[in-house]
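# Topology and contacts: notes
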Amino acid sequence: MRMDGEQTLGYTIEQGAGLKDLPPGRFALGRVGFSEEAVEPGLWNGAPHVSVPMLSPGDEPFTEIWSTSAPVTTGSRGDLFYAHDGEHLFCCVYVPPAPTYRERVRSVYAEVFELLEELDYPHVFRIWNMIGDINQANGRGMEVYKDFCLGRAEAFESRPGTIEGMPAATGIGSRGEGVNLHLVAGRSPGVVHIDNPRQIPAYEYPRRYGPKSPSFSRATRREPDGTLYISGTASIIGHDTVHIGDFERQLEETFRNITALIDGENLGRYGITGHQIKDLDSVKVYVRHDRDLPTAKAMCAEVFQGHTDIRYLNVDICRSELLVEVEGILPRT
Ligand code: 3EB
């Protein structure tokens, strides 16, 4: 957390339901609970709150808290719940299960873009999409993830001119129904979307992966705080899934992809100093099969530092051959 701006964005993870008061001078922008039970978005204790069903029985619930140093204004519009402080906006929304998601996802994303334009937070820097039954067929036989991507891509195609590029994102399975999405956006310019030299941009994936490509960049860096948000990253080279059926090699390839994304050679192209994977924080490791959790934990212990917050979530991943996906946040060092 940087404390030198007017409104400084903070991101913390707490065990439990996140009910504790924030320190003096901090105001909640949004709370995202990770639990076994879903709680639909709403305004709670002065900020948007949602709980996503991502945990397996026995996992310890935790809550992510987005906070700021300035008082916030909260609101809701349709199904959207949001808070903003003059520089940052947090928004969450739930799309209930439907035979097809395309239309609802398109309209929800369009409503989000309208809100961002009207309230003047056009610089989206991170989006999470948690999708129930992500690898199942929808009511028309299309995989839910592809159905979701279709609506999202159409919304991005017709977004207002003020919303530039595609931000870092995660598109991942949840253990519940419907789609939960939440995002953070900023008012000041200085948002840079970053590609990975080992992967083609997801928004240019060929049609075999779905009628419309996924709408996200591999990472987004945001000024003024210089934080680098790393998208969900998997064992994909070019656009191909590699090491099918081999968990360890998929996770190794994922680490190589993150390393290549954040090294000095790649970030140098954007005028940004390079980083090492060990400096990642707020790491999430999505593991398809619970039998692979011990391997995931052992491998992550080698790569990340002891104090790094790492959360393991046993959920499905957008391509059925993918066994693992990793995301994280790099605070400016
Ligand atoms: C990939 O690289 C793996 O649809 O928002 C990663 C991050 C993935 C975000 C999304 C999907 C999404 O294609 C999957």
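Residues numbered from 1 in each chain as written. Predicted model: local features only at pLDDT ≥ 70, side-chain atom pairs only at ≥ 80, totals over all residues. Heavy atoms only, no water.

The next subject is the sheet that holds strand β12 (residues 191-194). Taking strand neighbours across the sheet as the criterion, the 6 strands line up as β12-β13-β14-β19-β17-β18 in an open arrangement whose pairing is mixed. Because the sheet does not close on itself, it has two edges, and the strands there are β12 and β18 (310-314). Averaged over neighbouring strand pairs, the angle between their axes works out to 15° when direction is ignored. Direction of pairing for strand β13 (residues 219-222) relative to strand β14 (residues 227-233): antiparallel, over a ladder of 4 bridges. Across the sheet, the residue bridging to T220 is Y229, located in β14. Across the sheet, helix α3 (residues 247-262) is in contact with β12, β13, β14, β17 (281-287) and β19 (324-330); its angle to β19 comes to roughly 30°. Against the sheet, helix α5 (residues 293-303) touches β17 and β18, its axis set at about 160° to β18. (Pairing = 2+ DSSP bridges. Helix = DSSP H or I, 4+ residues; strand = E, 2+ residues; numbered from the N terminus. Axes fitted to C-alpha atoms, helices over the stretch in contact; angles between N-to-C directions. Contact = heavy atoms within 4.5 Å.)

Before going further, it helps to examine unusual backbone geometry. Cis peptide bonds are those with omega within 30 degrees of zero, and the linkage from E223 to P224 qualifies with 5°. By secondary structure assignment, the location of P224 is in the loop between β13 and β14. Backbone geometry places H243, a non-glycine residue, at a positive phi of 60°. One non-glycine residue with positive phi stands out, namely S282, at about 50°.

The next point concerns a negative patch on the surface. A grouping of E36, E37, D59 and E60 is seen on the molecular surface, where their side chains present a negatively charged patch. Inspection of the secondary structure assignment puts D59 in the loop between β4 (47-53) and β5 (62-68). Residue D59 is classed as partly exposed on the basis of its relative accessible area, which comes to 31%. (Patch = residues over 30% accessible without salt bridge, like charges linked within 9 Å, V, L, I, M, F, W, Y side chains within 5 Å. Areas by Shrake-Rupley, 256 points an atom, 1.4 Å probe, with all protein chains shown as cover. Salt bridge = Lys/Arg side-chain N within 4 Å of Asp/Glu carboxyl O. Lys, Arg positive; Asp, Glu negative; His and termini not counted. Charge placed at Lys NZ, Arg CZ, Asp CG, Glu CD. Buried < 20%, exposed > 50% of the residue type's maximum accessible area, 1.4 Å probe, protein only.)

Before going further, it helps to examine the pattern of salt bridges. The full count for this structure, using the stated rule, is 18 salt bridges. Here E157 and K212 are joined by a salt bridge, their closest N and O atoms 2.8 Å apart. Of this pair, E157 sits in helix α2 (residues 144-157) while K212 sits in the loop between β12 and β13; the two residues are 55 residues apart in sequence, bridging distant segments of the chain. A residue is classified by how much of its surface remains accessible, and K212, at 26% relative accessible area, is partly exposed. Salt bridges sharing partners connect three or more residues here, namely E64, R126, K284 and E327.

This part covers the packing of α3 against α5. Orientation of α3 relative to α5, taken along the N-to-C sense of each, is 30°, at an axis distance of 10 Å. The pairing of α3 with α5 is recorded here as roughly parallel in orientation. Helix-helix and strand crossings are classified by hand; for α3 and α5 the assignment is right-handed. Contacts between α3 and α5 pair F247, E248, L251, E252 and F255 from the former with T295, A296, M299, C300 and V303 from the latter. Partitioning the contact of α3 with α5 into residue classes produces 7 nonpolar, 1 polar and 2 charged. (Parallel < 35°, antiparallel > 145°, perpendicular 65-115°, else oblique. Left-handed = near helix turned anticlockwise from the far one by under 90°. Nonpolar A, V, L, I, M, F, W, Y, C, P; charged D, E, K, R; others polar.)

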